[in-house]
Amino acid sequence: MPLTAFKYPFREDVDERRFGRLARLLELIQVEIERESAALRPSVERMTDCAAFALEAMENGESPERISERIDSLARNLALSRGRQALLEQQLSFVDRTRAGLPAILPSHRA
């Protein structure tokens, strides 16, 4: 049997198809993460501003009990939002590292 009669048991473009899908999915995930992070920033800024105004109002003699409850609520929400921001940063880092590893196994992503 001639040597040219052997066929590969896989298609030559299998890696490109498989990891190309992964690359496209990672790109979509990155866009989603960045969109959520951008949407969270104004909310965090508003909460920070509200907390500052509440503290100022308390210093100016407004009811400490009522203002204190509001500050506590803002502090909880701010902590949750900052925690979410940190998680989104970790997720983005994971996506970036994964995308950076693609050139090692995907010829179309090599420089």
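If you're wondering where the values come from, they're calculated on a predicted model, not measured in any experiment.

Participant: Teacher, can you tell me more about the side chain of Ser-37 here?
Facilitator: As for its placement among the helices and strands, Ser-37 is situated in helix H1 (residues 14-59). Relative accessible area serves as the criterion here: at 12%, Ser-37 is assigned to the buried category.

Participant: Can you walk me through H1 in this structure?
Facilitator: Along an α-helix, a turn takes 3.6 residues, which lines up residues three or four apart on a common side. Its 46 residues give H1 an end-to-end C-alpha distance of 67 Å, which sits within 8% of 68 Å, the value for a rise of 1.5 Å per residue. With its phi angle positive at about 100°, Gly-61 sits one or two positions after the end of H1.

Participant: Hey, could you run me through the environment of Thr-48 in this one?
Facilitator: Among the secondary structure elements, Thr-48 is positioned in helix H1. Residue class for Thr-48 comes out partly exposed when judged on its relative accessible area of 33%. When the C-alpha positions of Thr-48 and Asp-96 are compared, they lie 30 Å apart, and in sequence the two are 48 residues distant. Once residues lying within four places of it in the same chain are set aside, the contact partners of Thr-48 are Leu-78 and Arg-82.

Participant: How do you make sense of the side chain of Gln-85 when you look at a structure like this?
Facilitator: Within the fold, Gln-85 resides in helix H2 (residues 64-101). At 3.5 Å, the side chain of Gln-85 and the side chain of Ser-37 are in polar contact. In this view, Gln-85 contacts Ser-37, Leu-40 and Arg-41; residues no more than four positions away in its chain are not counted.

Participant: Can you help me understand the packing of H1 against H2 in this one?
Facilitator: What describes two packed helices is the angle between their axes and the distance between those same axes. For the pair H1 and H2, interaxial distance at closest approach is 8 Å and the crossing angle is 160°. Here H2 runs roughly antiparallel to H1, going by the angle between their axes. By crossing handedness, the relation of H1 to H2 is classed as left-handed. The class makeup of the residues in the contact of H1 with H2 is 20 nonpolar, nine polar and nine charged.

Participant: Can you walk me through the pattern of salt bridges in this structure?
Facilitator: Pairs can form between side chains of opposite charge whenever their charged atoms are close. In the structure shown here, the tally under the stated rule is three salt bridges. Note that Arg-18 and Asp-15 form a salt bridge whose closest N and O atoms lie 3.7 Å from each other. You can see Arg-18 and its partner Asp-15 sitting in helix H1, three residues apart, about one turn around the helix. Residue class for Asp-15 comes out partly exposed when judged on its relative accessible area of 35%. The shortest N-O distance in the salt bridge between Arg-84 and Glu-36 comes to 2.7 Å. With Arg-84 in helix H2 and Glu-36 in helix H1, the pair connects residues that are 48 residues apart, well separated along the chain. Using a relative accessible area of 29% as the deciding quantity, one classes Glu-36 as partly exposed.

Thresholds applied
Residues numbered from 1 in each chain as written. Predicted model: local features only at pLDDT ≥ 70, side-chain atom pairs only at ≥ 80, totals over all residues. Heavy atoms only, no water. Helix = DSSP H or I, 4+ residues; strand = E, 2+ residues; numbered from the N terminus. Buried < 20%, exposed > 50% of the residue type's maximum accessible area, 1.4 Å probe, protein only. Expected span 1.5 Å × (residues − 1). Contact = heavy atoms within 4.5 Å. Polar contact = N/O pair within 3.5 Å; in protein donor to acceptor, adjacent residues only side chain to side chain. Axes fitted to C-alpha atoms, helices over the stretch in contact; angles between N-to-C directions. Parallel < 35°, antiparallel > 145°, perpendicular 65-115°, else oblique. Left-handed = near helix turned anticlockwise from the far one by under 90°. Nonpolar A, V, L, I, M, F, W, Y, C, P; charged D, E, K, R; others polar. Salt bridge = Lys/Arg side-chain N within 4 Å of Asp/Glu carboxyl O.

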